[in-house]
Amino acid sequence: MSVKALRATFGPLCHWCGLPMDFLEPFGRPQSATIEHLNDATLGSVRKQAHRRLAHAACNQARNEFRLQAERQFQAWIAERVARG
């Protein structure tokens, strides 16, 4: 499903912050519309069209970074727990 198709389905607002997105080229700016995968395949989910929304590039990137930080913190917590026995 393309950005254009998702815009037709969900409208021009970011899924996360609710603010208008930029659909003009060149893409890649913080306000540009990107496809957000709500259930990320890297965390064991299957990517399905039903799990796609539009989000600002900045919102999409921030969400992914926060998720990675949380995963790293959890892994460190597990390693510490195992080390303590």
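Residues numbered from 1 in each chain as written. Predicted model: local features only at pLDDT ≥ 70, side-chain atom pairs only at ≥ 80, totals over all residues. Heavy atoms only, no water.

### Quick notes on unusual backbone geometry
Cis rather than trans, the peptide bond between glutamate 25 and proline 26 has omega equal to -5°. Residue placement: proline 26 occurs in the loop between α1 (3-10) and β1 (33-37). (Helix = DSSP H or I, 4+ residues; strand = E, 2+ residues; numbered from the N terminus.)

### Let's talk about the nonpolar core
Core analysis: the biggest nonpolar cluster contains seven residues, these being Leu6, Cys14, Met21, Phe23, Ala33, Leu54 and Ala55. Each residue touching leucine 54, except ones within four places of it in the same chain, is listed here: Val3, Leu6, Arg7, Gly11, Leu13, Cys14, His15, Met21, Phe23, Thr34 and Ile35. (Core = buried A, V, L, I, M, F, W, Y, C linked by side-chain atoms within 4.5 Å. Buried < 20%, exposed > 50% of the residue type's maximum accessible area, 1.4 Å probe, protein only. Contact = heavy atoms within 4.5 Å.)

### Topic: the environment of cysteine 17
For cysteine 17, the position within the fold is in the loop between α1 and β1. Cysteine 17 sits 39 residues away from histidine 56 along the chain, and the two C-alpha atoms are 8.5 Å apart. Setting aside anything within four residues of it in sequence, one finds cysteine 17 in contact with His56 and Cys59.

### Here we look at the pattern of salt bridges
On inspection of all chains with the given rule, the structure shows four salt bridges. The partner of arginine 29 in a salt bridge is aspartate 22, with the nearest N and O atoms 2.2 Å apart. According to the relative accessible area criterion, arginine 29 is partly exposed, its value standing at 28%. In this structure, arginine 84 and glutamate 80 form a salt bridge, with 3.8 Å as the shortest nitrogen-oxygen distance. In this pair, arginine 84 and glutamate 80 both sit in helix α2 (residues 57-84), four residues apart, roughly one turn of the helix. Judged by relative accessible area, which is 46%, glutamate 80 ranks as partly exposed. (Salt bridge = Lys/Arg side-chain N within 4 Å of Asp/Glu carboxyl O.)

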